[in-house]
Amino acid sequence: MKYIAAIDQGTTSTRCILFDRAGIVRVSQKEHEQIFPQPGWVEHDPQEIWLRTQQVLREAMDGIDPKQIGAIGITNQRETTLAWNRHTSEPYGNAIVWQDTRTKQICDELATHRSHGREFVEHPPGIDRFRAITGLPLATYFSAPKLRWMLDHIPHLRAGAEKGDALFGTVDSWLIWNLTGRHVTDVTNASRTMLMNLATLDWDESMLAVFDIPRAMLPKIVASSNASAFGVTSEGIPVCGVVGDQQAALMGQACFHIGESKNTYGTGCFLLLNTGEKIVQSNAGLLTTVAYQRAGSPAVYALEGSIAVTGSLVQWLRDNLGIIKRSADIEPLAASVPDSGGVYFVPAFSGLFAPYWRSDARGTIVGMTRFTNSAHIARAALESTAFQTRDVIDAMATDCGVPLKTLKVDGGMSVNDLLMQIQSDMLGVPVVRPKITETTALGAAYAAGLAVGFWKDEDELRADWIEDKRWPPEMNANDREARYAMWKKAVDRSLSWIS
């Protein structure tokens, strides 16, 4: 074994990164289409995702003997939901992406006592009525309402599901099915469906009844780091690690101890805090999720704050407004002004995620004057990422009572030095970036490599973590709190926009 291959199937692109014990050896990446059939609807073509996966695997492994690759790890965009035929492998239409909000009515119905004429009186009404079982609030974000919508609206899907011909999966299951022919998922991805019981780590019969989902279409749930459960590719390479992207980044940042946390800046922002083998239910709008599980060991849990729009806001400024030509252009543009000129940008394009969970919110830019220019809007966009992260950090402090001392960061936006300084200023604590910022793919590689003995244990992985750069806060506390108060005021303006 010389290498571990990691497939990182994200919201906007698919990558394959080849790792050896020293770090990254090769990278191949290809984007896929974002499909917007209606306002609030976001879809992906499953066949295009599978095609891109095959292409990046071939490019990254070109000229390398497959026998030298010890294992493949998979990490993926979570909650994105698709169904396909067991016999033909043909999808029943496009995948519904995690950002999609078409299931708001389903979630609103289920927040009351009744849905489809059925009552669930054992669970008090409200968005948190199933939190004790799943760790999640009722929200359009998760897979179960998406799958319920598909069963209600896609011809022949329900009949196929009840016969066992139609299969459900998140993106990890779709890739495993195509790579090895097995219908499985891991505990981290299953914990994002709103169908898995956090304590038993199995599909919960009461949740299947709530969403009216046939059990026959669900994959088997297994540990994230597993030498045998995911199968072997046609080239003889075992798939031995599967971890949802944000949990993978937690592993890639070597946050294996209770209380360690990281924030990933990608399409959205996702901050996870390791809570060990204890299930910690949130009272402050966070999610309780499975962080990872090694075969034969108990599951490790985490608190998570999910932010819907951060990096995708930069893409929006590029593609929709034309303020910048390349995503990297936002940093010099935002740095050309000392502040946002009083402008605040709440990017609630598909509602607000943690800690608000308001699907009625919509994107809002406030505080503009005749003085405002594109640089102020660019800086306000970066600041919105820092403010939203502050919202989540404060919620975590409320839930666990432990103040943040340092924030580990990764993901595509973490290369933006200006944003990292703004983040440090808004939190009042140092922000630290590791040498390898591709921590999502690295976490998938760790999960696979640990399963086959490529790496010995978690202590070896912690020793490999190297700090690249650190940003101490430069803003005084009064300015910080004054700006954060204005941010909260801007958030209030974005709420209740959709009736």
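A brief structural summary. Position numbers for residues start from 1 in each chain and track the written sequence from start to end. Totals for whole chains, interfaces and linings use all residues, but because this is a predicted model, local features are given only for residues with pLDDT of at least 70 and pairs of side-chain atoms are given and counted only at 80 or more. Note: side-chain values were computed over all heavy atoms of the structure, leaving out hydrogens and water.

### Description of helix H6 (residues 171–180)
- Think of it in three bands: with a 1.4 Å probe and only protein chains considered, a residue is buried below 20% of the maximum accessible area for its type, exposed above 50%, and partly exposed in between. Labels follow the DSSP assignment, with helices taken as runs of H or I lasting at least four residues and strands as runs of E lasting at least two, numbered in each case from the N terminus. Judged by how many residues are buried, H6 sits mostly within the fold: 9 of 10 residues are covered.
- Taken residue by residue, H6 has Val171, Asp172, Ser173, Trp174, Leu175, Ile176, Trp177, Leu179 and Thr180 as its buried positions.
- After H6 finishes, the residue glycine 181 shows a positive phi value of roughly 85°.

### A look at the sheet that holds strand E17 (residues 269–276)
- On the basis of which strands lie adjacent, the open sheet formed by 7 strands has the order E18-E19-E17-E16-E22-E23-E24 and mixed pairing. The open sheet has two edge strands with one neighbour each: strand E18 (287–292) and strand E24 (467–471). Across the sheet, the mean angle separating the axes of adjacent strands is 30° when strand polarity is ignored.
- Note: two strands are recorded as paired if DSSP finds a minimum of 2 bridges between them. Where E17 and strand E19 (residues 300–307) come together, 7 bridges link them in antiparallel fashion. What sits directly across from glycine 276, in E19, is tyrosine 301.
- Between two residues, a contact is recorded if the distance between any of their heavy atoms is within 4.5 Å. A fitted line through C-alpha atoms serves as each axis, taken over the contacting stretch for helices, and the angle formed by two N-to-C directions is quoted from 0 to 180°. Across the sheet, helix H13 (residues 417–427) touches strand E16 (261–265), strand E22 (407–410), strand E23 (431–434) and E24, and the angle it forms with E24 is around 55°.

### Brief notes about the packing of aromatic side chains
- For this analysis, a ring pair means two rings from Phe, Tyr or Trp (six-membered ring only for Trp) whose centres lie within 6.5 Å, classed as stacked if their planes differ by under 30 degrees, edge-to-face if by over 60, and tilted for the remaining angles. Evaluated as defined, the whole model comprises 19 aromatic pairs.
- Centre to centre, the rings of tyrosine 141 and tryptophan 357 are 6.0 Å apart; their planes meet at 25°, and the pair counts as stacked. Taken together, the positions of tyrosine 141 in the loop between helix H3 (131–134) and helix H4 (143–153) and tryptophan 357 in the loop between strand E20 (344–346) and strand E21 (364–366) put the pair 216 residues apart, joining distant regions of the chain.
- The exposure class of tryptophan 357 is buried, given its relative accessible area of 11%.
- Counting every residue linked through ring pairs, the aromatic cluster contains Trp98, Tyr141, Phe142, Phe270, Phe353 and Trp357.
- For a ring to carry a charge above it, either NZ of a lysine or CZ of an arginine must fall within 6 Å of the ring centroid while also lying within 35 degrees of the normal to the ring plane. The residue whose ring lies beneath arginine 390 is tyrosine 484, and the NZ or CZ to ring-centre distance is 4.0 Å.
- The ring of tryptophan 465 is capped by lysine 408, whose NZ or CZ atom sits 4.3 Å from the centre of that ring.

### A few points about the pairing of strand E1 (residues 3–9)
- Within E1, 7 of the 7 residues are buried, which leaves the element mostly enclosed by the surrounding structure.
- Burial of E1 is two-sided: the residues Tyr3, Ala5, Ile7 and Gln9 facing one way and the residues Ile4, Ala6 and Asp8 facing the other way are all buried.
- In this structure, E1 lies alongside strand E5 (residues 69–76), joined through 7 bridges in parallel fashion. Bridging across to E5, isoleucine 4 finds its partner in alanine 71.
- Sheet analysis places E1 next to strand E2 (residues 13–20), joined by 6 bridges and oriented antiparallel. Among the inter-strand pairings, alanine 6 is bridged to a residue of E2, identified as isoleucine 17.
- Hairpin geometry of E1 and E2 is characterised by an intervening segment of 3 residues between the two adjacent antiparallel strands.

### Looking at the side chain of threonine 264
- Locating threonine 264 in the fold gives a position in strand E16.
- Threonine 264 gets classed as buried once you look at its relative accessible area, which sits at 5%.
- One polar contact links threonine 264 to glutamine 246, side chain to side chain, over a distance of 3.4 Å.
- In protein, a polar contact means a hydrogen-donor-capable atom and an acceptor-capable atom, both N or O and within 3.5 Å, with residues adjacent in sequence counting only if both atoms are side-chain atoms; elsewhere, any N or O pair within 3.5 Å suffices. A distance of 2.6 Å separates the side chain of threonine 264 from the side chain of lysine 262, its partner in a polar contact.
- Apart from the residues lying within four places of it in its own chain, the contact partners of threonine 264 are Gln246, Ala249, Cys269, Phe270, Asp410, Gly411 and Thr440.

### A look at the packing of helix H1 (residues 46–61) against H6
- Contact geometry of H1 with H6 gives a least axis separation of 11 Å together with a crossing angle of 60°. On the basis of the axis angle, H1 is oblique to H6. Regarding H1 and H6, the two cross each other, and that crossing is right-handed. Contacts from Pro46, Gln47, Ile49, Trp50, Thr53 and Leu57 in H1 reach Trp174, Leu175, Asn178 and Leu179 in H6.
- Side-chain classes follow a simple rule in which Ala, Val, Leu, Ile, Met, Phe, Trp, Tyr, Cys and Pro form the nonpolar group, Asp, Glu, Lys and Arg form the charged group, and the remainder, Gly included, forms the polar group. For the contact of H1 with H6, the per-class residue count stands at 7 nonpolar, 3 polar and no charged. Roughly parallel refers to an angle under 35 degrees, roughly antiparallel to one over 145, roughly perpendicular to one between 65 and 115, and oblique to any angle outside these ranges. Left-handed describes a crossing whose near helix is turned anticlockwise from the far helix by less than a right angle; the clockwise case is right-handed.

Interpretation in functional terms is not warranted from these geometric data alone.
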